[in-house]
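Single-letter residue listing:
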Amino acid sequence: MTATQTEASPLDVTLGQIRRLPCKFIKGKSDTQPIILKTIAQELSGTGKNILPVVVRLLGEDKYQAILNTQILDAARLVHLDFVWCIVVNQAMQTQVEVELGQTLWVNLTTASEQDLADTLNYLASQPGSPLKGLEATSAASKIAAADRSIWQDFTPITKLKCGITKGKKLDALATAFYLTPPPPLPEPPAAISLKQASRAAILERLAYLTSHKLSGFGTVDPEAVSDLIAGADRSKWKSLTPITKLDCGIDTAKLKALKTLFTL
(Lines give C-alpha, C1' and ligand atoms only; values in the text may rest on other atoms or scores of the structure.)
Protein backbone atom coordinates (compact mmCIF):
# COMPACT_ATOMS: atom_id res chain seq x y z
CA MET A 1 0.00 0.00 0.00
CA THR A 2 1.44 3.38 -1.01
CA ALA A 3 1.09 6.68 0.81
CA THR A 4 -1.62 7.75 -1.63
CA GLN A 5 -3.72 4.66 -0.91
CA THR A 6 -5.77 4.70 2.27
CA GLU A 7 -7.91 2.36 4.30
CA ALA A 8 -10.03 2.74 7.40
CA SER A 9 -8.90 1.61 10.85
CA PRO A 10 -11.32 0.20 13.46
CA LEU A 11 -11.61 3.67 15.05
CA ASP A 12 -12.43 5.39 11.75
CA VAL A 13 -8.95 6.92 11.47
CA THR A 14 -7.83 6.94 7.86
CA LEU A 15 -4.63 4.96 7.44
CA GLY A 16 -1.92 6.07 5.06
CA GLN A 17 -3.08 9.68 5.02
CA ILE A 18 -1.07 12.62 6.34
CA ARG A 19 -2.77 14.13 9.40
CA ARG A 20 -2.03 16.98 11.79
CA LEU A 21 -2.01 15.48 15.29
CA PRO A 22 -1.50 17.08 18.72
CA CYS A 23 1.90 16.21 20.19
CA LYS A 24 0.24 15.42 23.51
CA PHE A 25 -1.63 12.53 21.89
CA ILE A 26 1.58 10.82 20.72
CA LYS A 27 3.81 8.55 22.81
CA GLY A 28 7.41 7.87 21.92
CA LYS A 29 10.92 9.16 22.37
CA SER A 30 13.97 8.81 20.14
CA ASP A 31 17.61 8.19 21.07
CA THR A 32 18.79 10.93 18.71
CA GLN A 33 21.83 12.93 19.80
CA PRO A 34 20.90 16.27 21.49
CA ILE A 35 22.81 18.35 18.94
CA ILE A 36 20.82 16.77 16.10
CA LEU A 37 17.54 17.36 17.94
CA LYS A 38 18.58 20.97 18.46
CA THR A 39 19.24 21.39 14.75
CA ILE A 40 15.85 19.90 13.83
CA ALA A 41 14.17 22.07 16.46
CA GLN A 42 15.68 25.20 14.92
CA GLU A 43 14.19 24.30 11.54
CA LEU A 44 10.78 23.56 13.04
CA SER A 45 10.88 26.82 14.99
CA GLY A 46 11.41 28.75 11.78
CA THR A 47 8.75 27.00 9.67
CA GLY A 48 6.26 26.05 12.38
CA LYS A 49 5.70 22.63 10.84
CA ASN A 50 7.55 19.48 9.86
CA ILE A 51 7.94 18.43 6.24
CA LEU A 52 8.93 14.83 6.95
CA PRO A 53 5.92 13.25 8.70
CA VAL A 54 6.14 11.24 11.90
CA VAL A 55 4.97 7.66 11.34
CA VAL A 56 2.56 6.59 14.09
CA ARG A 57 0.46 3.56 15.03
CA LEU A 58 -3.05 3.99 16.44
CA LEU A 59 -3.33 2.72 20.02
CA GLY A 60 -6.83 3.93 20.84
CA GLU A 61 -9.01 7.01 20.66
CA ASP A 62 -6.65 10.04 20.64
CA LYS A 63 -3.71 7.75 21.46
CA TYR A 64 -0.80 7.13 19.10
CA GLN A 65 2.66 5.57 19.24
CA ALA A 66 5.47 7.13 17.21
CA ILE A 67 7.41 4.37 15.44
CA LEU A 68 9.49 6.19 12.83
CA ASN A 69 10.90 9.73 12.58
CA THR A 70 10.42 10.05 16.33
CA GLN A 71 13.24 12.59 16.41
CA ILE A 72 10.85 15.09 14.80
CA LEU A 73 8.38 14.64 17.64
CA ASP A 74 11.17 15.23 20.19
CA ALA A 75 12.32 18.34 18.36
CA ALA A 76 8.75 19.67 18.12
CA ARG A 77 8.43 19.37 21.87
CA LEU A 78 11.68 21.27 22.36
CA VAL A 79 10.21 24.29 20.61
CA HIS A 80 6.75 23.77 22.15
CA LEU A 81 4.90 23.02 18.93
CA ASP A 82 1.37 21.83 19.67
CA PHE A 83 1.00 19.77 16.51
CA VAL A 84 3.08 17.66 14.12
CA TRP A 85 2.20 16.20 10.74
CA CYS A 86 1.94 12.41 10.86
CA ILE A 87 1.03 9.34 8.85
CA VAL A 88 -1.07 6.76 10.68
CA VAL A 89 -0.18 3.22 9.63
CA ASN A 90 -0.95 -0.37 10.57
CA GLN A 91 1.59 -3.22 10.82
CA ALA A 92 1.59 -4.03 7.10
CA MET A 93 2.04 -0.38 6.14
CA GLN A 94 4.77 0.03 8.75
CA THR A 95 6.68 -2.80 7.10
CA GLN A 96 6.34 -1.10 3.71
CA VAL A 97 7.60 2.19 5.14
CA GLU A 98 10.62 0.42 6.66
CA VAL A 99 11.30 -1.29 3.32
CA GLU A 100 11.08 2.02 1.46
CA LEU A 101 13.50 3.57 3.93
CA GLY A 102 15.94 0.71 3.40
CA GLN A 103 15.63 -0.30 7.05
CA THR A 104 14.10 -3.70 6.35
CA LEU A 105 14.71 -6.39 3.75
CA TRP A 106 11.46 -8.17 2.95
CA VAL A 107 11.58 -10.93 0.31
CA ASN A 108 8.85 -13.35 -0.71
CA LEU A 109 10.41 -16.78 -0.20
CA THR A 110 7.55 -18.40 -2.09
CA THR A 111 8.41 -16.70 -5.39
CA ALA A 112 11.98 -15.38 -5.02
CA SER A 113 14.46 -16.31 -7.74
CA GLU A 114 17.58 -18.27 -6.89
CA GLN A 115 19.67 -15.11 -7.24
CA ASP A 116 17.40 -13.12 -4.92
CA LEU A 117 17.54 -15.97 -2.41
CA ALA A 118 21.33 -16.00 -2.55
CA ASP A 119 21.60 -12.22 -2.22
CA THR A 120 19.24 -12.16 0.77
CA LEU A 121 20.99 -15.06 2.51
CA ASN A 122 24.35 -13.36 1.94
CA TYR A 123 22.94 -10.16 3.44
CA LEU A 124 21.65 -11.98 6.52
CA ALA A 125 24.91 -13.87 6.96
CA SER A 126 26.88 -10.61 6.82
CA GLN A 127 24.99 -8.96 9.70
CA PRO A 128 26.90 -8.64 13.00
CA GLY A 129 26.28 -11.63 15.24
CA SER A 130 24.21 -13.41 12.61
CA PRO A 131 23.58 -17.11 13.34
CA LEU A 132 23.90 -17.62 9.58
CA LYS A 133 27.51 -16.52 9.51
CA GLY A 134 29.53 -18.95 7.41
CA LEU A 135 26.48 -20.18 5.49
CA GLU A 136 27.15 -21.26 1.90
CA ALA A 137 24.48 -18.93 0.60
CA THR A 138 24.78 -19.90 -3.08
CA SER A 139 24.40 -23.60 -2.34
CA ALA A 140 21.54 -23.02 0.11
CA ALA A 141 19.74 -20.78 -2.37
CA SER A 142 20.04 -23.43 -5.08
CA LYS A 143 18.45 -26.09 -2.87
CA ILE A 144 15.66 -23.77 -1.71
CA ALA A 145 14.92 -22.63 -5.28
CA ALA A 146 14.65 -26.26 -6.43
CA ALA A 147 12.08 -27.10 -3.73
CA ASP A 148 8.34 -26.75 -4.20
CA ARG A 149 7.80 -23.68 -2.03
CA SER A 150 4.23 -23.07 -3.18
CA ILE A 151 2.79 -25.32 -0.46
CA TRP A 152 5.04 -24.22 2.41
CA GLN A 153 3.15 -22.95 5.44
CA ASP A 154 6.34 -21.95 7.30
CA PHE A 155 10.13 -22.17 6.92
CA THR A 156 10.47 -25.62 8.53
CA PRO A 157 10.86 -27.54 5.23
CA ILE A 158 14.18 -25.72 4.71
CA THR A 159 15.69 -27.70 7.58
CA LYS A 160 15.16 -30.90 5.57
CA LEU A 161 17.07 -29.64 2.51
CA LYS A 162 20.52 -30.19 4.08
CA CYS A 163 21.51 -26.67 3.11
CA GLY A 164 23.13 -25.56 6.37
CA ILE A 165 19.99 -23.99 7.87
CA THR A 166 18.83 -25.93 10.92
CA LYS A 167 16.07 -25.46 13.48
CA GLY A 168 16.56 -22.78 16.09
CA LYS A 169 18.39 -19.50 15.65
CA LYS A 170 19.37 -20.13 12.02
CA LEU A 171 15.80 -20.81 10.96
CA ASP A 172 14.48 -17.92 13.07
CA ALA A 173 16.92 -15.56 11.34
CA LEU A 174 15.10 -16.08 8.05
CA ALA A 175 11.96 -14.44 9.44
CA THR A 176 13.79 -11.11 9.68
CA ALA A 177 14.01 -10.87 5.89
CA PHE A 178 11.70 -13.47 4.33
CA TYR A 179 7.96 -14.05 4.28
CA LEU A 180 5.75 -16.67 2.64
CA THR A 181 2.69 -16.18 0.48
CA PRO A 182 -0.02 -18.40 1.99
CA PRO A 183 -1.09 -21.13 -0.46
CA PRO A 184 -4.63 -20.78 -1.83
CA PRO A 185 -7.31 -22.79 -0.04
CA LEU A 186 -7.89 -26.30 -1.37
CA PRO A 187 -11.06 -27.00 -3.36
CA GLU A 188 -13.64 -29.25 -1.76
CA PRO A 189 -12.60 -32.91 -2.02
CA PRO A 190 -14.75 -35.40 -3.94
CA ALA A 191 -17.35 -37.20 -1.85
CA ALA A 192 -16.28 -40.47 -0.27
CA ILE A 193 -17.47 -43.58 -2.16
CA SER A 194 -17.29 -47.34 -1.75
CA LEU A 195 -14.01 -48.63 -3.15
CA LYS A 196 -15.57 -52.05 -3.79
CA GLN A 197 -18.03 -50.53 -6.25
CA ALA A 198 -16.04 -47.56 -7.56
CA SER A 199 -15.29 -47.33 -11.27
CA ARG A 200 -11.80 -46.59 -12.52
CA ALA A 201 -12.89 -43.02 -13.36
CA ALA A 202 -14.17 -42.47 -9.83
CA ILE A 203 -10.98 -43.90 -8.35
CA LEU A 204 -8.86 -41.70 -10.62
CA GLU A 205 -10.82 -38.58 -9.69
CA ARG A 206 -10.07 -39.09 -5.99
CA LEU A 207 -6.45 -40.09 -6.45
CA ALA A 208 -5.94 -37.10 -8.74
CA TYR A 209 -7.22 -34.82 -5.99
CA LEU A 210 -4.60 -36.15 -3.59
CA THR A 211 -1.74 -36.17 -6.09
CA SER A 212 -2.41 -32.80 -7.76
CA HIS A 213 -2.40 -31.06 -4.37
CA LYS A 214 0.47 -33.23 -3.09
CA LEU A 215 -1.44 -34.18 0.03
CA SER A 216 -0.11 -36.70 2.56
CA GLY A 217 2.86 -37.67 0.41
CA PHE A 218 0.79 -38.38 -2.72
CA GLY A 219 2.83 -35.97 -4.82
CA THR A 220 5.01 -38.86 -6.04
CA VAL A 221 2.12 -41.24 -6.77
CA ASP A 222 1.02 -41.88 -10.38
CA PRO A 223 -2.79 -41.64 -10.22
CA GLU A 224 -3.33 -43.23 -13.64
CA ALA A 225 -1.20 -46.30 -12.88
CA VAL A 226 -2.63 -46.73 -9.38
CA SER A 227 -6.19 -46.42 -10.68
CA ASP A 228 -5.47 -49.19 -13.18
CA LEU A 229 -4.10 -51.47 -10.45
CA ILE A 230 -6.99 -50.89 -8.04
CA ALA A 231 -9.68 -51.14 -10.73
CA GLY A 232 -8.14 -54.39 -11.96
CA ALA A 233 -7.93 -55.99 -8.52
CA ASP A 234 -10.59 -58.25 -7.04
CA ARG A 235 -11.97 -55.91 -4.37
CA SER A 236 -15.07 -57.91 -3.52
CA LYS A 237 -13.50 -59.56 -0.48
CA TRP A 238 -11.56 -56.54 0.81
CA LYS A 239 -12.33 -55.78 4.44
CA SER A 240 -10.02 -52.74 4.60
CA LEU A 241 -7.89 -50.58 2.32
CA THR A 242 -4.73 -52.42 3.39
CA PRO A 243 -4.56 -54.59 0.22
CA ILE A 244 -3.72 -51.41 -1.71
CA THR A 245 -0.33 -51.31 0.02
CA LYS A 246 0.47 -54.73 -1.52
CA LEU A 247 -0.11 -53.59 -5.10
CA ASP A 248 3.41 -52.09 -5.34
CA CYS A 249 1.92 -48.77 -6.42
CA GLY A 250 3.69 -46.33 -4.11
CA ILE A 251 0.95 -46.25 -1.49
CA ASP A 252 2.15 -47.39 1.92
CA THR A 253 0.39 -47.68 5.28
CA ALA A 254 1.08 -44.01 6.09
CA LYS A 255 -0.92 -42.91 3.03
CA LEU A 256 -3.99 -45.00 3.87
CA LYS A 257 -5.27 -42.37 6.30
CA ALA A 258 -5.73 -39.92 3.42
CA LEU A 259 -7.43 -42.59 1.30
CA LYS A 260 -9.93 -43.28 4.08
CA THR A 261 -11.27 -39.72 3.70
CA LEU A 262 -12.22 -40.47 0.08
CA PHE A 263 -12.99 -44.20 0.06
CA THR A 264 -15.14 -46.50 2.13
CA LEU A 265 -15.79 -50.23 1.70
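Residues numbered from 1 in each chain as written. Predicted model: local features only at pLDDT ≥ 70, side-chain atom pairs only at ≥ 80, totals over all residues. Heavy atoms only, no water.

If you tally the helices and strands in the chain, you get nine helices and 11 strands. For 265 residues, the compact-globule estimate of 2.2 N^0.38 gives 18 Å, and the chain exceeds it by more than 25% at 28 Å. Oriented by its inertia axes, the alpha-carbon framework of the chain measures out at about 90 × 45 × 25 Å. Buried residues in the chain amount to 38% of all 265 residues. Within the structure as shown, the chain displays about 15,600 Å² of accessible surface, and the carbon and sulfur contribution to it stands at 53%. Taking the average location of the 29 positive side-chain charges in the chain and that of its 25 negative ones, the two points are 7 Å from each other. (Helix = DSSP H or I, 4+ residues; strand = E, 2+ residues; numbered from the N terminus. Rg over C-alpha atoms; globule rule 2.2 N^0.38 Å. Buried < 20%, exposed > 50% of the residue type's maximum accessible area, 1.4 Å probe, protein only. Areas by Shrake-Rupley, 256 points an atom, 1.4 Å probe, with all protein chains shown as cover. Lys, Arg positive; Asp, Glu negative; His and termini not counted. Charge placed at Lys NZ, Arg CZ, Asp CG, Glu CD.)

This paragraph deals with the packing of aromatic side chains. For the structure shown, the criterion picks out one aromatic pair. Relative to Tyr179, the ring of Trp106 lies with its centre 5.3 Å away and its plane at 25 degrees, an arrangement referred to as stacked. In this pair, Trp106 sits in the loop between α3 (91–100) and β8 (107–108) while Tyr179 sits in strand β9 (residues 178–179), placing the two residues 73 residues apart along the sequence. Looking at Arg20, its charged tip hangs above the ring of Phe83, at a distance of 4.0 Å from the centre. (Phe/Tyr/Trp six-rings, centres within 6.5 Å; stacked < 30°, edge-to-face > 60°. Lys NZ or Arg CZ within 6 Å of the ring centre and 35° of its normal.)

Attention now moves to the side chain of Asn108. Mapped onto the secondary structure, Asn108 falls in strand β8. Overall, the relative accessible area of 14% leaves Asn108 in the buried class. Separated by 2.5 Å, the side chains of Asn108 and Thr181 make a polar contact. Those residues in contact with Asn108, other than ones at most four positions away along the chain, are Tyr179, Leu180 and Thr181. (Polar contact = N/O pair within 3.5 Å; in protein donor to acceptor, adjacent residues only side chain to side chain. Contact = heavy atoms within 4.5 Å.)

What follows covers the nonpolar core. One finds Leu109, Leu121, Ile158, Ile165, Leu174 and Phe178 to be the most contacted residues of the largest nonpolar core, which totals 26 residues. Among the secondary structure elements, those contributing two or more residues to this core are α4 (114–126), α5 (137–146) and α6 (169–174). In terms of residue count, the dominant contributor to this core is α4 (five residues). The contacts of Phe178, once residues within four sequence positions are left out, are Trp106, Val107, Leu109, Leu117, Thr120, Leu121, Leu124 and Phe155. (Core = buried A, V, L, I, M, F, W, Y, C linked by side-chain atoms within 4.5 Å.)

Strand order in the open sheet formed by five strands is β3-β7-β5-β6-β4, with mixed pairing between adjacent strands. The open sheet is flanked by β3 (18–22) and β4 (26–27), the only strands paired with a single partner. Judged from the two bridges that link them, β4 and strand β6 (residues 63–68) form a sheet pairing that is parallel. Note that in β6 the partner of Lys27 across the bridge is Gln65. (Pairing = 2+ DSSP bridges.)

This part takes up the environment of Pro182. Looking at where Pro182 falls in the secondary structure, it is placed in the loop between β9 and β10 (193–194). With a relative accessible area of 64%, Pro182 lands in the exposed category. Along the chain, Pro182 and Leu15 lie 167 residues apart, while their C-alpha atoms are 24 Å from each other.

The tally for this structure, following the rule as stated, stands at five salt bridges. Note that Arg200 is salt-bridged to Glu224, the shortest N-O span being 2.6 Å. Here Arg200, found in helix α7 (residues 200–212), pairs with Glu224, found in helix α8 (residues 223–232); they are 24 residues apart in sequence, far enough to count as distant. We classify Glu224 as partly exposed; its relative accessible area is 41%. One salt-bridge network, held together by shared partners, links Arg200, Glu224 and Asp228. (Salt bridge = Lys/Arg side-chain N within 4 Å of Asp/Glu carboxyl O.)

Looking at α8, one finds that the buried residues are Pro223, Val226, Ser227 and Ile230. One side of α8 holds all its buried residues, which, seen down the axis, span an arc of 100 degrees. For α8, the elements touching its buried residues are α7. (Arc of directions from axis to C-beta.)

This part covers the packing of α7 against α8. Close contact between α7 and α8 brings their axes to 9 Å; oriented N to C, the two are set at 140 degrees. In this structure, the crossing between α7 and α8 has a hand that is right-handed. Together, Arg200, Ile203, Leu204, Leu207, Ala208 and Thr211 of α7 and Pro223, Glu224, Val226, Ser227, Asp228, Ile230 and Ala231 of α8 make up the contact between the two elements. Considered class by class, the residues forming the contact of α7 with α8 number eight nonpolar, two polar and three charged. (Axes fitted to C-alpha atoms, helices over the stretch in contact; angles between N-to-C directions. Left-handed = near helix turned anticlockwise from the far one by under 90°. Nonpolar A, V, L, I, M, F, W, Y, C, P; charged D, E, K, R; others polar.)

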